[in-house]
Amino acid sequence: MPDQTHPETKQTPTETKKKQAESLAGLPPNTLHIILYIRSDPPLPNDFHWAFYLHKGTATTPGGTKYHARGIGAGWIPGHEATASIFAENFLCVVIQIARIPPETHARVDEIMRSYDGCLNAIPGITCRVWILTVLRVLVDEGFVRCDIGELERECFGFGNENSLTASANLQPRPVFKSRVSS
């Protein structure tokens, strides 16, 4: 009987890279996403690393920028970096589109994403998820994302939990969802 916790994969590295490139090419340009990564194998329910991904997806900028907070020892540090291969990242579980971000507002969104960099450890109960929700509040307040934050958080957990086993097996392509509770 097959091991249900590790779905089998017969994908070659070439097939995997092709599927990852197709997934990246399929993202709409100028969209903001929440990305969840599994943290254990087998994955545990509701146990994810959370990040934002602003996909620019133009001919001159094929990827975008990943924004997240990382725990280092007893503290937290910002981790923001340009990436042209978000789908090739280890432990990627799901990508959830939450908004369209017009190119002329990318600089402002970048400022918001970095606005807590100097005081991450002062955020009560700081975790990567708490940082996401804190920054999301500013994005909602400024009109970049329209959603009920609690509903969006629950939706993200649902997508992550539904897809964590296939993430553990690194089945490609990783799923992309458009949030039903945000715009």
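Residues numbered from 1 in each chain as written. Predicted model: local features only at pLDDT ≥ 70, side-chain atom pairs only at ≥ 80, totals over all residues. Heavy atoms only, no water.

Looking at an unreviewed UniProt entry, one finds the protein named Genomic scaffold, ProqFM164S01 and attributed to Penicillium roqueforti.

> Looking at this model, I keep getting lost on unusual backbone geometry. Mind explaining?
A negative phi angle characterises most non-glycine residues, just as the trans form characterises most peptide bonds. In this chain, aspartate 41 is followed by proline 42 through a cis amide linkage whose omega measures 5 degrees. Here the bond from glutamine 172 into proline 173 is cis, since omega is 0 degrees, no more than 30 degrees from zero. Its location among the elements puts proline 173 in the loop between α4 (149–168) and β6 (176–178). Despite not being glycine, asparagine 30 shows a phi value in the positive range, around 60 degrees. Following the sequence through the fold, asparagine 30 ends up in the loop between α1 (13–26) and β1 (31–38). For asparagine 30, a relative accessible area of 17% puts it in the buried group. Not every positive phi belongs to a glycine, and asparagine 46 is a case in point at roughly 60 degrees. (Helix = DSSP H or I, 4+ residues; strand = E, 2+ residues; numbered from the N terminus. Buried < 20%, exposed > 50% of the residue type's maximum accessible area, 1.4 Å probe, protein only.)

> Looking at this structure, how should I read the layout of surface pockets?
To locate leftover empty space, one rolls a probe as large as a water molecule over the atoms. Quantified by volume, the largest pocket comes out at close to 190 Å³. Of the residues belonging to the lining of the largest pocket, the class tally is five nonpolar, five polar and three charged. (1 Å grid on protein atoms, 1.4 Å probe; cavity = no way out; pocket = protein on both sides within 12 Å on 5 of 7 lines; lining within 4 Å. Points joined across faces, edges and corners; volume = space filled by probe spheres on them. Nonpolar A, V, L, I, M, F, W, Y, C, P; charged D, E, K, R; others polar.)

> What am I meant to see in the nonpolar core here?
The nonpolar side chains of a soluble globular protein tend to be buried, and buried together. In this structure, Leu32, Phe52, Ile98, Trp131, Leu136, Leu139 and Val145 are the most contacted members of the largest nonpolar core, which totals 42 residues. Within the residue set of this core, elements represented by two or more residues are β1, β2 (48–55), β3 (64–72), β5 (92–100), α2 (106–114), α3 (128–141) and α4. No other element matches the 10 residues that α3 contributes to this core. Beyond its immediate stretch of four places on either side in the chain, leucine 139 contacts Leu32, Phe52, Val109, Ile112, Met113, Phe144 and Val145. By size, the runner-up hydrophobic cluster in this structure holds 10 residues, among which are Leu27, Tyr37, Ile86 and Phe87. (Core = buried A, V, L, I, M, F, W, Y, C linked by side-chain atoms within 4.5 Å. Contact = heavy atoms within 4.5 Å.)

> Looking at this structure, how should I read the sheet that holds β6?
Backbone-to-backbone hydrogen bonds pair the strands of a sheet. The strands run either parallel or antiparallel. Pairing within the open sheet is mixed, and its six strands lie in the order β4-β3-β2-β1-β5-β6. Here the strands that pair on one side only, and so sit at the sheet edges, are β4 (75–83) and β6. Strand-to-strand twist across the sheet, computed as the mean angle between neighbouring axes with direction ignored, equals 25 degrees. In this structure, β1 lies alongside β2, joined through eight bridges in antiparallel fashion. Its bridge partner lying in β2, leucine 36 is registered against tryptophan 50. (Pairing = 2+ DSSP bridges. Axes fitted to C-alpha atoms, helices over the stretch in contact; angles between N-to-C directions.)

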